[in-house]
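Understanding the architecture of this molecule
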Amino acid sequence: MEAPQYVAARVQQQLAEDDRTHELGIRVDVRGDQLFLRGQVSGEEHRRKIGVVAQEAAPTMTVHNEINVVEMTEPGEAEHLD
């Protein structure tokens, strides 16, 4: 069985390099045959794609996608400094 840190590193590299995700901000934790994805993204579709890419990178593991989707809003009024 491959060491957990190698599995996590492989999944993180795939998330960064895959054209569907290009994601650097997701934490990958491995415990036995369980792989946990944690972090925040701006949309449900992106969250789903991250789960798919992680499963492809570690096909023998059970992937738990615990990524939170945060709402992105337009910036408010500009702050004026005197």
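Rules of the game
- Residues numbered from 1 in each chain as written.
- Predicted model: local features only at pLDDT ≥ 70, side-chain atom pairs only at ≥ 80, totals over all residues.
- Heavy atoms only, no water.
- Salt bridge = Lys/Arg side-chain N within 4 Å of Asp/Glu carboxyl O.
- Buried < 20%, exposed > 50% of the residue type's maximum accessible area, 1.4 Å probe, protein only.
- Phe/Tyr/Trp six-rings, centres within 6.5 Å; stacked < 30°, edge-to-face > 60°.
- Lys NZ or Arg CZ within 6 Å of the ring centre and 35° of its normal.

**Some words on the pattern of salt bridges**
Summed over all chains, the structure comprises eight salt bridges. Between Arg-38 and Asp-29 there is a salt bridge, with its nearest N and O atoms 2.6 Å apart. What makes Arg-38 buried here is its relative accessible area of 18%. One salt-bridge network, held together by shared partners, links Arg-27, Asp-29, Arg-38 and Glu-66.

**Remarks on the packing of aromatic side chains**
Throughout the structure, instances matching the rule amount to zero aromatic pairs. Across the ring face of Phe-36, the terminal group of Arg-31 is positioned such that the distance to the ring centre comes to 5.4 Å.

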